[in-house]
Amino acid sequence: MRKDCSSLSTLLDKYFDGETSQREQEAVEAHLKQCPACQERLKFMSEIKGAFRRPLLETLEKETFPWLWEKIEREIRFKPRETLWESIKGWFKITPFLKRRIWIPATVVATLLILLIFPTLFKKNSSHLPLPVVEYIESKTNNVMIYELDNGKITVIWLFEESEAESSPS
Amino acid sequence: MNKRILFIILLPILFLGFSSQEAWSQIPTRLRVIEASNVGRTIDPSLKELHGQLSSLFRYTSYRLLRDERLHLSLNQTTTLPVHSGRSIEITPLKFYANTAELRVKIKREKTEILDTQVRLPPGRTVLIGGPKHGEGVVILAFSSLF
């Protein structure tokens, strides 16, 4: 191995793992062209990798990992069930819009607007169908008169007491 | 749970609860007992606001405020007030919906019921019940909503 081979040793490892940059790759490849020792080393690394990989893959194909499944099942079975409160908390963690702070005042403002607008609409509707002010009236002893002022703000119920007729409303 | 989120959820609920007028336990109402007569030409200064309407309705020259009550009526609970010489008034709020109070009003002379009526009192509305004799004039009861 030449002197510059030792300085390239780390780079060669990176090259083997496919982790070099374009510049490093070019440098390593240029060196490899003229260095049989490093070529040999790279070949050896490939063989080692293959020697490990093949049996490992074969073993993995045959193995069903029953112990792993047992462990997963045990975890599922013994995991404490989520309470209602925890699931609500979880929902708020998941819901992304609540994570954004801007939605908090926006939601409050929207709610208040709806609450303020709704009674106004309701009032409008009720003004179209005004209910009578006097729903029921009865006097067993006197005559009674109902009168409403034009502006609709005052309703008069007049009770004629005995010889009171002369002092009745105009 | 984050306190802020809890606040957002609770705020509209509280707002709804407090703003729901159906949920009002007390109905603020004003009752004024007025003596109207043709003796003199005195207008009670505290009746300034009502005088224009009273004079357009009645021929009396003098209006005097005998009593001014701000009542907080409870639903289905009868409030009895003595009005004047042997007469009393019974007020029972029956309902409160769509910002309107429904009141049952009874006027009694001694133990005789001389008037039984049921009126709706929306905001800004005044109901006058007049006629019972008082001295040389009559008594006018003015009900106004304070909601």
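Here, the structure is the one placed above.
What comes next is a walk through the structure. (Residues numbered from 1 in each chain as written. Chains lettered and ligands numbered in written order. Predicted model: local features only at pLDDT ≥ 70, side-chain atom pairs only at ≥ 80, totals over all residues.)

**Overview of the overall build of chain B**
Helix and strand counts for chain B stand at two helices and eight strands. Start at the N end of chain B and walk to the C end: the helices and strands fall as α-β-α-β-β-β-β-β-β-β. A fraction of 45% describes how many contacts in chain B between residues 6 or more apart in sequence connect residues 24 or more apart. (Helix = DSSP H or I, 4+ residues; strand = E, 2+ residues; numbered from the N terminus. Contact = placed C-beta atoms within 7 Å.)

**As for helix H4 (residues 66–78) of chain A**
Spacing of three or four residues puts side chains on the same side of an α-helix, whose turn is 3.6 residues. Between the first and last C-alpha of H4(A) there are 18 Å, a value that for 13 residues agrees with the 18 Å anticipated at 1.5 Å per step. Counting buried positions along H4(A) yields zero of 13 residues, so the element is predominantly exposed. (Expected span 1.5 Å × (residues − 1). Buried ≥ 20, exposed ≤ 12 C-beta atoms within 10 Å, placed from the backbone.)

**Some details on the sheet that holds strand S1 (residues 134–138) of chain A**
Reading across from one edge, S1(A)-S6(B)-S5(B)-S4(B)-S3(B) is the order of the five strands in this open sheet, with antiparallel pairing throughout. Edge positions in the open sheet fall to S1 of chain A together with strand S3 (79–84) of chain B, since each of these has one partner strand only. Direction aside, the axes of adjacent strands within the sheet are offset by 20° on average. Looking at chain direction, strand S5 (residues 100–109) of chain B and strand S6 (residues 112–121) of chain B are connected through nine bridges and run antiparallel. Considered in S6(B), the bridge of B:Leu103 is made with B:Val119. (Pairing = 2+ DSSP bridges. Axes fitted to C-alpha atoms, helices over the stretch in contact; angles between N-to-C directions.)

**Focus: the sheet that holds strand S2 (residues 143–148) of chain A**
Strand pairing within a sheet occurs via backbone hydrogen bonds; the two strands may be parallel or antiparallel. Judged by pairing direction, the sheet is mixed, and its six strands sit side by side in the order S2(A)-S3(A)-S7(B)-S8(B)-S1(B)-S2(B) without closing on themselves. Only two strands of the sheet have a single partner each, and these edge strands are S2 of chain A together with strand S2 (62–74) of chain B. The sheet shows a mean angle of 20° between the axes of neighbouring strands, direction not considered.

**Structural notes on the pairing of strand S8 (residues 137–145) of chain B**
Residue and element names in this part refer to chain B. Of all nine residues that make up S8, eight are buried, and the element is covered over most of its length. In the sheet, strand S7 (residues 126–134) pairs with S8 via seven bridges, with the strands oriented antiparallel. Each bridged residue has a counterpart across the sheet, and for threonine 126 the counterpart in S8 is serine 144. Counting the residues between successive antiparallel strands, the hairpin from S7 to S8 contains two residues, one of them, glycine 135, with a positive phi of roughly 60°.

**Concerning the nonpolar core**
Core analysis: the biggest nonpolar cluster contains 37 residues, and B:Val127, B:Leu128, B:Ile140 and B:Leu141 have the highest contact counts within it. Mapped by element, the contributors of at least two residues to this core are strand S3 (154–160) of chain A together with strand S1 (26–37), helix H2 (48–57), strand S4 (87–97), S5, S6, S7 and S8 of chain B. Per-element tally for this core: the top contributor is S8(B), with six residues. With sequence-adjacent residues up to four places away left out, B:Leu128 is seen in contact with A:Ile154, A:Val156, A:Ile157, B:Ile140, B:Leu141 and B:Ala142. (Core = buried A, V, L, I, M, F, W, Y, C linked by C-beta atoms within 7 Å.)

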